[in-house]
Amino acid sequence: MSVKKIFSVMLVLFTAVFSLSALTIDININGSYEDEREPDSKKRRDDEYTGVIIKTNVSDAQVYINGTHVGDTPYATIDLSPKRYDVEIRKNGYDTIRCKIYPRRYYTYTYNFTMIKTEGFISVKTNPSNADVYIGGSRVSSFPVSVYPGNYTVKVRKFGYQEFVKTVDVENHKTTSVEASLITAPFTISKFEVSKTVINPDYTSAIGKTTVSFYVTNNGSADVYVCDRYGNIVWEYEFSSFNTWEQSVTWDGSGANGDRLPDGIYTIKLSGYGYEFSEKIKLDRSFSYPLSVFTPSGSGIGTMPFAFASQVSYGKLFFNFGPSLTADSKSVKMNVFPLEGGLVLDFAEHFELAGGIGGNIGSNDKSTLIASGSLKGTGTINITSGFAMNYAGFVSYLYNPLKQTGAALGISMGMETSLLYAGMSAEYIFSKNRDYKYGAALSLTPSKNFKVSAWSNVINNNALEGGVEFVSMPGTGAFCIDAKAWIETPLTTNKENVEINGQIGLSYFF
């Protein structure tokens, strides 16, 4: 063989080996080709740097190069060497993009990536067609619905049919179909409940009513009626048909002719298609809302919380306003005009949450905000019929730059009858000055809708506070009004100023 032929063969072999070597650069260990992304555009630079610009169709996608987070889109850099890089683009709710890029020197390469939402789809068909469909607890009215990949509970409901429930696994970019053929449900009655077992029919508000509720599965009929202690029906309501699951009716303690029934024990009964339910109800006109006022540390008398027997769980919205004056032997001048509103919640028979927020109008202090929150726990020891000893502990936080700011702890004790209340209260405030006060109060309640009180407190052993208060609930509704006036005078002889305060309070019980 001639030298020329040998050289030609060697050149062919060399070219083949080089080509295979170059090809293996883009082959990974699994034998599949890496995705090397070609730039969407490139532009010649005036310097020797390697420029890269990465854009996406959504903003603030995170860009990772060789596993390191380098920035968010749109991202640009000239700090890359001319070699291959692993690029990863991430954004919550979108599929992660992974590829290789190979930028070269003297050019700026621009890459435009389209990020696709990470989502699957659920399509539900029902028979009958107008059933309610819930996916993951949320009602859905049109299909297919887009969801994040994962497991979901599909619930299909229609009155008169048994509930259909199925758990499905939704994959990314795939549609999961569900077909629900509902089965007719037999008529049943369940979940019979009475909202209150003691009501006062003299009130037209919440404590003067009770609601009977129950659950049915199909169309039918039922009767709710109230019997006195002799078994006589004094009130009734007929459900002639049903078109939904939850049913209810409210009874206000009246008889069939609308007359107010006397106090006593009554029985509310539910009857229908062989189902029978009953519950005892007590009509008690001594049962009433508490005629107390809001204080920064909980309900009480005047400016301090006191321990009261809780007859009813309730909520109360309130709004207080009134002037604070400063007087000496020569003049009287306006100090501030506080405004405050808030909420009191009495629950579980022995606990109360209260909070208020407002401002000191006309204050020269930079901060005019006033706010407070408290938790009070109470208990009652019945000594004899109509005579009880009450006790309470409370914790609160007060913010009032003109008075006290800080956490507070306190206790209270009181003796109570239907006519009289006498109590004592003490409170320590972990404020800058470590304030404390203690005092007593006396109340007279000639009727369930009116109370008059007087109280006196000693503050830090250097000031005495005393005042009177009136609380009234006009009519039989849920609105209440209170008015109080008090003075605060120093016990030391080197101060002559006396602080005079007045306040009107409006509240609504629910």
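Here the structure is a predicted model, which is why all the values come from computation and not from measurement.

Time to look at empty space enclosed by the protein. Summed over all chains, the structure comprises 1 cavity of 30 Å³ or more. Val293, Phe294, Phe318, Asn320 and Asp482 are, among the 13 residues lining the largest cavity, the residues nearest its centre. Listing elements by their share of the lining of the largest cavity, those giving two or more residues are β24 (293-295), β27 (314-321), β38 (479-490) and β39 (498-509). Of the residues that constitute the lining of the largest cavity, the class distribution is 5 nonpolar, 5 polar and 3 charged.

So, on to the sheet that holds strand β7 (residues 97-101). Read across the open sheet, the 4 strands follow the order β4-β3-β6-β7; overall the sheet is antiparallel. Two strands in the sheet have a free side with no partner beyond their single neighbour: β4 (68-72) and β7. Between one strand and the next, the sheet's axes are offset by a mean angle of 25°, whatever the strand orientation.

On to the environment of Trp235. Looking at the secondary structure, you find Trp235 in strand β20 (residues 233-239). Exposure remark for Trp235: the relative accessible area of 13% places this residue in the buried category. In this structure the C-alpha to C-alpha distance between Trp235 and Gly359, which are 124 residues apart in sequence, comes to 50 Å. Look past the residues within four positions of Trp235 in its chain and what remains in contact with it is Val224, Tyr225, Val226, Val249, Thr250, Trp251, Ser254, Gly255 and Ala256.

The subject of this paragraph is the side chain of Asn320. In this fold, Asn320 is placed in strand β27. Excluding residues that lie within four positions of it along the chain, Asn320 makes contacts with Phe294, Pro338, Leu339, Glu340, Gln503, Ile504, Gly505 and Leu506.

It is worth spelling out the pairing of strand β31 (residues 369-384) at this point. In the sheet, strand β30 (residues 351-361) pairs with β31 via 9 bridges, with the strands oriented antiparallel. The residue of β31 that forms the bridge with Glu352 is Lys376. Note: β31 against strand β32 (residues 387-399), 13 bridges, orientation antiparallel. What sits directly across from Gly377, in β32, is Gly393.

Oppositely charged side chains can form a pair if their charged atoms are brought close together. A full pass over the atoms with the stated rule returns 16 salt bridges. Between Arg139 and Asp132 there is a salt bridge, and its shortest N-O distance comes to 2.6 Å. A salt bridge links Glu488 to Lys403; the nearest nitrogen and oxygen atoms lie 3.6 Å apart. A residue pair is termed long-range when its members are at least 10 positions apart, and Glu488 in strand β38 and Lys403 in the loop between β32 and β33 (405-416) qualify at 85 residues. When its relative accessible area of 40% is taken as the criterion, Lys403 is described as partly exposed. Shared partners join several salt bridges into a network, and the residues in it are Asp202, Asp263, Arg285 and Lys448.

What follows covers the packing of aromatic side chains. Here the structure, examined in full by the defined rule, presents 24 aromatic pairs. Arranged with centres 5.5 Å apart and planes meeting at 20°, the rings of Phe192 and Phe277 form a pair that is stacked. One end of the pair, Phe192, is in strand β16 (residues 189-194); the other, Phe277, is in strand β23 (residues 275-283), and 85 residues separate them in sequence. By relative accessible area, which is 17% here, Phe192 ends up buried. In this structure Phe277 comes out as partly exposed when scored by relative accessible area, which is 23%. Summarising the aromatic geometry, the rings of Tyr428 and Phe430 are spaced 4.9 Å apart at their centres and angled 75° between planes, so their arrangement reads as edge-to-face. According to the relative accessible area criterion, Tyr428 is partly exposed, its value standing at 31%. By relative accessible area, which is 48% here, Phe430 ends up partly exposed. Ring pairing ties together the aromatic residues Phe187, Phe214, Tyr237, Phe239, Phe242 and Tyr273, which thus form one cluster.

This paragraph deals with the nonpolar core. Considering soluble globular proteins, one finds that nonpolar side chains tend to be buried as a cluster. Counting residues in each nonpolar core, the largest one holds 26 residues, and the members touching the most others are Phe214, Val224, Phe242 and Trp251. Within the residue set of this core, elements represented by two or more residues are β16, β18 (210-216), β19 (222-227), β20, β21 (246-251), β22 (264-272) and β23. Of the residues forming this core, the biggest block, 4 residues, is contributed by β18. Those residues within four positions of Phe242 in sequence are excluded, and the remaining contacts are Phe159, Phe187, Phe214, Val216, Asn218, Asn219, Gly220, Ser221, Ala222 and Gln247. By size, the runner-up hydrophobic cluster in this structure holds 19 residues, among which are Tyr75, Tyr85, Tyr94 and Ile97.

What follows concerns the side chain of Asn400. With respect to the helices and strands, the residue Asn400 is situated in the loop between β32 and β33. With residues up to four places along the chain from it excluded, the contact list for Asn400 reads Asn360, Leu369, Ile370 and Thr405.

Cis geometry marks the peptide bond from Thr73 to Pro74, where omega comes out at -5°. Mapping Pro74 onto the fold places it in the loop between β4 and β5 (75-77). Residue Pro144 is bonded to the preceding Phe143 through a cis peptide linkage, with omega at 0°. One non-glycine residue with positive phi stands out, namely Ala348, at about 55°. As for its placement among the helices and strands, Ala348 is situated in the loop between β29 (332-347) and β30.

Moving on to the confidence of the model for the chain. Of the residues in the chain, 92% have a pLDDT of 70 or more, and the chain-wide mean is 90. Note that residues 14-33 has pLDDT below 50 and, in this model, 10 contacts with residues that lie over four places away or in other chains.

Once that is clear, we can look at the pairing of strand β3 (residues 62-65). Here 4 bridges tie β3 to β4, and the two strands are oriented antiparallel to one another. The residue bridging Gln62 from the neighbouring strand is Asp72, located in β4. Between the antiparallel neighbours β3 and β4 lie 2 residues, among them Asn66 with a positive phi of about 50°. For β3 and strand β6 (residues 85-90), the ladder comprises 4 bridges, and the chain directions are antiparallel. Bridging across to β6, Tyr64 finds its partner in Glu88.

This brings us to the environment of Val170. With respect to the helices and strands, Val170 occurs in strand β14 (residues 164-170). Residue classification places Val170 among the buried residues on the basis of a relative accessible area of 2%. Separated by 21 residues in the primary sequence, Val170 and Pro149 have C-alpha atoms spaced 5.0 Å apart. When sequence neighbours within four positions are dropped, the list of residues in contact with Val170 reads Gly120, Phe121, Ile122, Val147, Pro149, Gly150, Tyr152 and Thr176.

Thresholds, definitions, all that
- Residues numbered from 1 in each chain as written.
- Predicted model: local features only at pLDDT ≥ 70, side-chain atom pairs only at ≥ 80, totals over all residues.
- Heavy atoms only, no water.
- 1 Å grid on protein atoms, 1.4 Å probe; cavity = no way out; pocket = protein on both sides within 12 Å on 5 of 7 lines; lining within 4 Å.
- Points joined across faces, edges and corners; volume = space filled by probe spheres on them.
- Helix = DSSP H or I, 4+ residues; strand = E, 2+ residues; numbered from the N terminus.
- Nonpolar A, V, L, I, M, F, W, Y, C, P; charged D, E, K, R; others polar.
- Pairing = 2+ DSSP bridges.
- Axes fitted to C-alpha atoms, helices over the stretch in contact; angles between N-to-C directions.
- Buried < 20%, exposed > 50% of the residue type's maximum accessible area, 1.4 Å probe, protein only.
- Contact = heavy atoms within 4.5 Å.
- Salt bridge = Lys/Arg side-chain N within 4 Å of Asp/Glu carboxyl O.
- Phe/Tyr/Trp six-rings, centres within 6.5 Å; stacked < 30°, edge-to-face > 60°.
- Core = buried A, V, L, I, M, F, W, Y, C linked by side-chain atoms within 4.5 Å.
- pLDDT = per-residue confidence, 0-100.

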